[in-house]
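For reference, the chains in residue letters:
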Amino acid sequence: KRIAQDLHDRLGSMLSMVKIHFKSVEDGIQALQSQNHQQSERANSLLDKACDEVRKIAHDMASGVLSKFGLIAALHSLKKSVNSTNQLTLNILDFGLEKERLNYEVEINLYRIIQELLSNVLKHADANEMTIQLFKKEKNLNILVEDNGIGFDPNNQSGMGLKNVLSRVEKINGELTFDTGKGSGTTITIDIAINKNDKS
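This one's a predicted model, so the numbers in the text were calculated from it and none came from an experiment.

**Thoughts on helix α5 (residues 162–171)**
Considered for burial, the residues of α5 that qualify are Leu-162, Val-165 and Val-169. On an axial view of α5, the arc spanned by its buried residues comes to 60°, and they lie on one face. Away from its buried face by more than 90 degrees, α5 exposes Lys-163, Glu-170 and Lys-171. Where α5 is buried, its residues touch α4 (104–125), β4 (174–180) and β5 (186–193). Where α5 ends, the next residue or the one after it, Asn-173, has phi of about 55°, a positive value.

**Some details on the nonpolar core**
Of all hydrophobic cores here, the largest spans 39 residues; its most connected members are Leu-110, Met-130, Ile-132 and Leu-134. Elements with a contribution of two residues or more to this core: α3 (71–83), β1 (89–95), α4, β2 (129–137), β3 (140–147), α5 and β5. Counting residues per element, this core draws most heavily on α4, which supplies 10 residues. Setting aside chain neighbours within four positions, we find Leu-134 in contact with Leu-71, Ile-72, Leu-75, Ile-92, Leu-93, Asp-94, Phe-95, Leu-97, Asn-142 and Ile-143.

**Description of α3**
The terminal C-alpha atoms of α3, which comprises 13 residues, lie 18 Å apart, in line with the 18 Å expected from a rise of 1.5 Å per residue. The set of residues buried in α3 consists of Leu-71, Ile-72, Ala-74, Leu-75, Ser-77, Leu-78, Ser-81 and Val-82.

**Thoughts on unusual backbone geometry**
In this structure, Asp-126 is a non-glycine residue whose phi angle is positive, near 55°. Along the chain, Asp-126 falls in the loop between α4 and β2. Classification of Asp-126 by relative accessible area gives exposed; the value is 64%. In this structure, Glu-138 takes a positive phi of about 55° despite not being glycine. Inspection of the secondary structure assignment puts Glu-138 in the loop between β2 and β3.

**Quick notes on the pairing of β4**
Both β4 and β5 contribute to a ladder of 7 bridges, which runs antiparallel. By the bridge assignment, Phe-178 is partnered in β5 with Ile-188.

**A short note on the pattern of salt bridges**
Under the criterion given, the structure shown has 2 salt bridges. The residue Arg-101 makes a salt bridge to Glu-107 at a minimum N-O spacing of 2.7 Å. Of the residues examined, Arg-101 reaches a relative accessible area of 26% and is grouped as partly exposed. As a salt-bridge pair, Lys-171 and Glu-105 come within 3.7 Å of each other at their nearest N and O atoms. Here the residue Lys-171 occupies a position in helix α5, and Glu-105 occupies one in helix α4, the gap between them amounting to 66 residues. Judged by its relative accessible area of 39%, Glu-105 falls in the partly exposed class.

**Concerning a nonpolar patch on the surface**
On the surface, Leu-93, Phe-95 and Phe-135 cluster together to form a nonpolar patch covering roughly 270 Å² of accessible area. Since its relative accessible area comes to 37%, Leu-93 is described here as partly exposed.

**Focus: the confidence of the model for the protein**
Model confidence for the protein is summarised by a mean pLDDT of 79, while 72% of its residues fall at 70 or above. Within the protein, the lowest mean pLDDT, 64, falls on helix α1 (residues 2–24), and the highest, 96, falls on β3.

**Some points on the packing of α3 against α4**
At a closest axis distance of 10 Å, the pairing of α3 and α4 adopts a crossing angle of 20°. With respect to α4, the element α3 is oriented roughly parallel. For the element pair α3 and α4, the recorded crossing hand is right-handed. Together, Leu-71, Ala-74, Leu-75, Leu-78 and Val-82 of α3 and Glu-107, Leu-110, Tyr-111, Ile-114 and Leu-118 of α4 make up the contact between the two elements. Its residues assigned to classes, the contact of α3 with α4 comprises 9 nonpolar, no polar and 1 charged.

**Describing the side chain of Thr-186**
Looking at where Thr-186 falls in the secondary structure, it is placed in strand β5. According to the relative accessible area criterion, Thr-186 is buried, its value standing at 7%. In terms of polar contacts, Thr-186 uses its side chain to reach the side chain of Thr-180, at 2.9 Å. Discounting chain neighbours no more than four positions away, the residues touching Thr-186 are Val-145, Glu-146, Asp-147, Gly-151, Phe-152, Asp-179 and Thr-180.

Reading the values: rules and limits
- Residues numbered from 1 in each chain as written.
- Predicted model: local features only at pLDDT ≥ 70, side-chain atom pairs only at ≥ 80, totals over all residues.
- Heavy atoms only, no water.
- Buried < 20%, exposed > 50% of the residue type's maximum accessible area, 1.4 Å probe, protein only.
- Helix = DSSP H or I, 4+ residues; strand = E, 2+ residues; numbered from the N terminus.
- Arc of directions from axis to C-beta.
- Contact = heavy atoms within 4.5 Å.
- Core = buried A, V, L, I, M, F, W, Y, C linked by side-chain atoms within 4.5 Å.
- Expected span 1.5 Å × (residues − 1).
- Pairing = 2+ DSSP bridges.
- Salt bridge = Lys/Arg side-chain N within 4 Å of Asp/Glu carboxyl O.
- Patch = residues over 30% accessible without salt bridge, like charges linked within 9 Å, V, L, I, M, F, W, Y side chains within 5 Å.
- Areas by Shrake-Rupley, 256 points an atom, 1.4 Å probe, with all protein chains shown as cover.
- pLDDT = per-residue confidence, 0-100.
- Axes fitted to C-alpha atoms, helices over the stretch in contact; angles between N-to-C directions.
- Parallel < 35°, antiparallel > 145°, perpendicular 65-115°, else oblique.
- Left-handed = near helix turned anticlockwise from the far one by under 90°.
- Nonpolar A, V, L, I, M, F, W, Y, C, P; charged D, E, K, R; others polar.
- Polar contact = N/O pair within 3.5 Å; in protein donor to acceptor, adjacent residues only side chain to side chain.

See below:
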């Protein structure tokens, strides 16, 4: 967990700062010779890939927290990591999951779904706050994900990563609905029927 946080918070932050410095010289980059311009673009592309890999490694390692302590513990660990960047305030609220865990397959898919939704918000939503609510009652689990960002056109979902989210939701026999629009933020609801066999 500590290594994952160091990767995300220290190395990830450093790479992000390098990206910011690269962006600061974009206005004058046209004055560079064509070859130097191409080298700069290649370096920028490599930095993008490096930032993505750091996030993936950190998330993969953090999922060990999920295996040992469960979904809620992993989400609170993710919350701490996200909030430390000061890019977004992430809130986690949970009800009915205090005494028992879900099946690990369900937990890992839910964690990946929430990671994907979080990544979408960070990349596209221009939001400063995101709230995730998990509510379990008897055999039903409801997850509500809200952000105060710019929203998106529901008829144009390309690049939003929703296909991966939908695929994972279907894998655990859930249903996903969303309410969004340009400038109105986004609310995503996931409903899952939990059988007795799904408890760990």
